[in-house]
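Notes for the structure review
Take a look at the letters that make up each chain.
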Amino acid sequence: MASKTVIPKLRDAFLYDRKINWFPGHMAKGLRIIQEKLNSIDIIVEARDARISFLSSINPRFEEIVGKKERLIVYNKADLADPSSQKSITEAIKKYHGHKVLFTNANQDLNVKKIIKMAADKSKKSPLEYPFVNVMIVGMPNVGKSSLINSMRRVGLNKGKAARTGPMPGVTRKVVGTVKVWDDPAVYLFDTPGVMIPHIPDPLTSLKVALTGGIRDHIADEEIMADYLLHRLNKFGNLSYVEMFKMSEPTDDISELLPAVAKRIGALHKGAEPDLTAGARYFIKQYRDGKFGRYTLDDCDPKALDKFFTEPSIFKVEKSRHQLKKAAFAEKMTKILNRREIRRKKMANEA
């Protein structure tokens, strides 16, 4: 009789209090360019990662900049996320914001033609007002914006790549200009650098963004990301890592898992010591490649989404320490200038 797999004793919660901040200079510049070009844009396509489908992949800074501009929310990498979350997400966005929602897989051109059709229909309905349509692709790093542009060009014009892609965030560092993706009527795309939230206030949110590739791995720490992934897989009841890495039993201890992963892939230091960092990277890659199945890291229950939208501070961008220091310095200088002005007026009156 086969022995039954024993689920390990799980941690009640993943304890993590580090706030990960990653906002390179090209992102700040990209944010300014987005704002400057908005007047010439007809439709905003905001790409998000379906694996962190709502709570973690939304960038409040876009809410401030884009405002009421017509927008399509595209959840890319839908092939890697839990399909059961799509309905609740679509209904919540429609209920609170009224935006159209689409789930895509740019690598397989899934639903991509619908984006082009939406833009083309705008011109067909009002050809004098919109003889051509300009679409801007925005989103956080590594959500697949460049892949989306290449897919639209492939589907619309049967042409090759127009934008560089890569597995790590930060590949697109500048606006490459316009990319034509449809002829009649003409539809043009503007690519933009992926722009991270300048300061993510919730540590677990930043960890989810990092795990899905939105923050450079070495900044977030691969071993901590692997530990969080192990915790979530166990919570999902997914113990496939046991067989994958030839372990004797499941575990909720990353110090037991990583040596097994490293040995399995042959990542060893001198003396046959397992390379834990290499093991962590490989473990994370399996998740990103969908080898563990389709999982959404955010809670997409309708009640959780309602709370997300009704929370009064949810779209408030928390300022970084640098921004707070800058604001304090500006306030100090204002007070100094005011005192100087008061003294100047007093001396003038006395004279």
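Now for a description of the structure that goes with this document. Everything numeric in this text was worked out from a predicted model, so none of it was measured.

**Focus on the overall build of the chain**
For the chain, the helix and strand inventory stands at 13 helices and 6 strands. Scored against the burial criterion, the 351 residues of the chain give a buried share of 50%. If you take every contact in the chain between residues at least 6 apart in sequence, the share linking residues at least 24 apart comes to 73%. Accessible surface, the chain: about 18800 Å² in total, of which carbon and sulfur atoms supply 51%.

**Digging into empty space enclosed by the protein**
Summed over the entire model, instances satisfying the criterion amount to 2 cavities of 30 Å³ or more. Looking at the largest cavity, its volume works out to about 50 Å³. Lining the largest cavity, in full, are D49, I52, S57, M140, P141, N142, V143, V209, T212, G213 and G214. For the lining of the largest cavity, the per-class residue count stands at 5 nonpolar, 5 polar and 1 charged. The volume enclosed by the second largest cavity comes to roughly 30 Å³. In this structure, the second largest cavity is lined by A50, S53, A78, A81, D82, P83, S85, Q86, I89 and F103. Class assignment for the residues of the lining of the second largest cavity results in 6 nonpolar, 3 polar and 1 charged.

**Considering the sheet that holds strand β5 (residues 178-182)**
Within a sheet, neighbouring strands are paired by backbone hydrogen bonds and run either parallel or antiparallel to one another. Across the sheet, 6 strands lie side by side as β3-β2-β1-β4-β6-β5; this open sheet has mixed pairing. Each edge of the open sheet carries a strand with a single partner, namely β3 (100-103) and β5. Taken over all neighbouring pairs, the strand axes of this sheet differ in orientation by 30° on average, direction set aside. Bridge count between strand β2 (residues 71-76) and β3: 4 bridges; the pairing is parallel. Within β3, the residue paired with Y75 across the bridge is F103. Contacting β1 (43-49), β2 and β3, helix α3 (residues 86-96) runs over the sheet at an angle of about 160° to β3. Contacts between helix α5 (residues 145-157) and the sheet are confined to β1, β2, β4 (132-139), β5 and β6 (186-190), with β5 contributing the most and set at about 45° to the helix.

Parameters at a glance
- Residues numbered from 1 in each chain as written.
- Predicted model: local features only at pLDDT ≥ 70, side-chain atom pairs only at ≥ 80, totals over all residues.
- Heavy atoms only, no water.
- Helix = DSSP H or I, 4+ residues; strand = E, 2+ residues; numbered from the N terminus.
- Buried < 20%, exposed > 50% of the residue type's maximum accessible area, 1.4 Å probe, protein only.
- Contact = heavy atoms within 4.5 Å.
- Areas by Shrake-Rupley, 256 points an atom, 1.4 Å probe, with all protein chains shown as cover.
- 1 Å grid on protein atoms, 1.4 Å probe; cavity = no way out; pocket = protein on both sides within 12 Å on 5 of 7 lines; lining within 4 Å.
- Points joined across faces, edges and corners; volume = space filled by probe spheres on them.
- Nonpolar A, V, L, I, M, F, W, Y, C, P; charged D, E, K, R; others polar.
- Pairing = 2+ DSSP bridges.
- Axes fitted to C-alpha atoms, helices over the stretch in contact; angles between N-to-C directions.

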